[in-house]
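Notes for the structure review
What follows is each chain in one-letter form.
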Amino acid sequence: MQRQPVSIFEKAFKKLVPGGLESSGRRGPNIMNIAEDLPETDLTAVKEWIDDCLAENGGQVEARKRAALLGRAYLKLSTTGRTRFLGLLAEHYGINEDSVEQAIDQWHNAKANEKTQAAQSLRRALVPSRTTLLKQFNGVPSGVKFLVDMREELLQLCIDYPELKPLETDLRDLLATWFDIGLLQLEEISWNSSGAILEKLIAYEAVHAIKSWSDLKNRLDFDRRCFAFFHPNMPDEPLIFVEVALVNGLADNVQKLLDEHAPTQDADKADTAIFYSISNAQQGLAGISFGNFLIKQVVSKLQMEFPQLKQFATLSPIPGFRRWLDNTPADQLTQLPGGEEWLRCPPPRDPARAGQSDSTGAQQEAIMKLAASYLCSSKPGTSRSNDPVANFHLSNGAQVARLNWMADTSDKGLKQAAGLMVNYLYELPKIVDRSNQYTSEGIISQSSNIKKLLK
């Protein structure tokens, strides 16, 4: 994690305090002059500043200005400084246990007509004091994006500093409320969208990298569509977006699908919509799910625009397959379809070589069977598919429809999945039942093609 340069957030914070630093009290110059690594003396100054924000001395407007300056100061900190700042919030601004105990006693001793008020007091006591500060950041221009980025940093820092986890959880809960699906806006992104949005599309594409502007233009051509969710307080930042190709039949090769020189198809004659890339654009919103709502709303929009469409499916990567294959013990592989055949292949048993000219049909069949087993079996102790992408689509009500041989021959595709990709089929009348069966019972819907591979 690197120190951020002057950003749109800092500019927004400056706008909030047009009178300069002095307009927010005597500690203004101090808070902006703290050292980037936040030594102990400066940490004390930050704590005093936070206390002033929470006390709302001078009213909410002044508290908001102080929060704006605190945010500007945070952006100037190094990784070490930010870790210490967040550690301060985690350690000293949690729940006041004495207040909780008093509220519990008040609840137990309350008369019948006093229960509602006692319950409200208990509810307030259970809210960490840092939540108030986080909400003050939310009131700052670009403050929502500031908090989303703060959580992205927290998620990384929690790996080495687990004591930050309570703070990360509090921030996640706040963001989950602010990013409720009812508050999001679905928008189509086209070649005529703003340059800023198009640049974000290139930067955030996480499945199949956009290599050039001509590549992007091809993905936004007449036979393609791209949709994204936006939040009203982050109008220039896509939260998640999906890229769609309008074709005939199930697509089986992503290189062909993204070929800039391939002729543009007549979208009005297409019978299938292929979702070939779904990218979460904001890592700070990890674990806050709205991808399933995106797919369903996009299907609805496509049906209205192209009523002749008969199929809605994906062409999806299998990102964990090779890692699973490499790490599964031989005695377990032999219990799976294709396992013995694969282990009998002459070393080195490299899945990427199975698609080359000197490979045999037996090698290819073994890999396909093992990939089907990987997708259609669960992680130990769970009812979730081994593969994260599979789990996403299965929980949304899709079926594992077809495995595609050498469907992604990029370095990434070969490294992650031996070039294999999978079609997940969304059959609209069956989505709800399949979703419920998977999430409640772990039942994975499989096509007849996949069932044959599993025999």
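In short, a report on the structure. Just so we're clear, the structure is a prediction, and the values are computed from it rather than from any experiment.

1. Focus on the environment of L285
Note that L285 resides in the loop between β4 (272–280) and α14 (291–305). According to the relative accessible area criterion, L285 is buried, its value standing at 5%. Put simply, L285 and V148 are 137 residues apart on the chain and 6.5 Å apart in space, counted from C-alpha to C-alpha.

2. Concerning the nonpolar core
If you look at the biggest cluster of nonpolar residues, it comprises 96 residues, and the most contacted ones within it are F179, L302, F321, L375 and L403. The next biggest cluster of nonpolar side chains, apart from the first, holds 14 residues, and it includes A251, L257, L258 and L315.

3. With respect to the sheet that holds strand β3 (residues 240–247)
Read across the open sheet, the seven strands follow the order β1-β2-β3-β4-β5-β7-β6; overall the sheet is mixed. Pairing within the sheet leaves two strands with one partner each, and these edge strands are β1 (185–188) and β6 (399–404). Between one strand and the next, the sheet's axes are offset by a mean angle of 30°, whatever the strand orientation. Each of β1, β2 (224–230), β3, β4, β5 (311–314) and β7 (421–426) is contacted by α14, which is oriented at about 135° to β2, the strand it contacts most.

4. A closer look at the pattern of salt bridges
In the structure shown here, the tally under the stated rule is 20 salt bridges. Salt-bridge contacts for K145 lead to E237; the nearest nitrogen and oxygen are separated by 3.9 Å. In this pair, K145 sits in helix α9 (residues 143–160) while E237 sits in the loop between β2 and β3, placing the two residues 92 residues apart along the sequence. Like K145, the residue E237 is buried in the burial classification. For E168, the salt bridge goes to K165, with nearest N and O atoms at 2.7 Å. Placement of the pair is E168 and K165 together in helix α10 (residues 165–178), with a separation of three residues, close to one helical turn. Residue E168 is classed as buried on the basis of its relative accessible area, which comes to 0%. Because the salt bridges share partners, they merge into one network encompassing K145, D149, K200 and E237.

5. Some details on the packing of helix α8 (residues 130–138) against α10
At a minimum axis separation of 11 Å, α8 and α10 run at an interaxial angle of 45°. When the axis of α8 is compared with that of α10, the two are oblique. Two packed elements cross with a definite hand, and for α8 against α10 that hand is right-handed. Only P166, L167, D170, L171, L174 and W178 of α10 make contact with α8, whose side of the interface consists of R130, T131, L134, K135 and N138. Among the residues forming the contact of α8 with α10, the class breakdown is six nonpolar, two polar and three charged.

6. A few points about the packing of aromatic side chains
For the structure on display, the rule yields eight aromatic pairs. Consider the rings of Y74 and F146, whose centres lie 5.7 Å apart with planes at 80°: the pair is edge-to-face. Placement of Y74 in helix α4 (residues 60–75) and of F146 in helix α9 is noted, with a sequence separation of 72 residues between them. The same class applies to Y74 as to F146, namely buried. Taking 5.0 Å as the distance between ring centres and 55° as the angle between the ring planes, the aromatic pair formed by F137 and F146 counts as tilted. Here F137 and F146 have matching classes, each one buried. An aromatic cluster of at least three residues, connected via ring pairs, comprises Y74, F85, F137 and F146.

7. With respect to the environment of N423
Secondary-structure assignment places N423 in strand β7. Measuring from C-alpha to C-alpha, the distance between N423 and S316 comes to 6.2 Å, with 107 residues separating the pair along the chain. In this structure the side chain of N423 is engaged in a polar contact, spanning 3.1 Å, whose partner is the backbone oxygen of A251.

8. Comments concerning the environment of L343
Here L343 shows up in helix α17 (residues 339–344). Spatially, the C-alpha atom of L343 lies 35 Å from that of S440, the residues being 97 residues apart in sequence.

Conventions we followed
- Residues numbered from 1 in each chain as written.
- Predicted model: local features only at pLDDT ≥ 70, side-chain atom pairs only at ≥ 80, totals over all residues.
- Heavy atoms only, no water.
- Helix = DSSP H or I, 4+ residues; strand = E, 2+ residues; numbered from the N terminus.
- Buried < 20%, exposed > 50% of the residue type's maximum accessible area, 1.4 Å probe, protein only.
- Core = buried A, V, L, I, M, F, W, Y, C linked by side-chain atoms within 4.5 Å.
- Pairing = 2+ DSSP bridges.
- Axes fitted to C-alpha atoms, helices over the stretch in contact; angles between N-to-C directions.
- Contact = heavy atoms within 4.5 Å.
- Salt bridge = Lys/Arg side-chain N within 4 Å of Asp/Glu carboxyl O.
- Parallel < 35°, antiparallel > 145°, perpendicular 65-115°, else oblique.
- Left-handed = near helix turned anticlockwise from the far one by under 90°.
- Nonpolar A, V, L, I, M, F, W, Y, C, P; charged D, E, K, R; others polar.
- Phe/Tyr/Trp six-rings, centres within 6.5 Å; stacked < 30°, edge-to-face > 60°.
- Polar contact = N/O pair within 3.5 Å; in protein donor to acceptor, adjacent residues only side chain to side chain.

What is shown is where atoms sit, not what they do.
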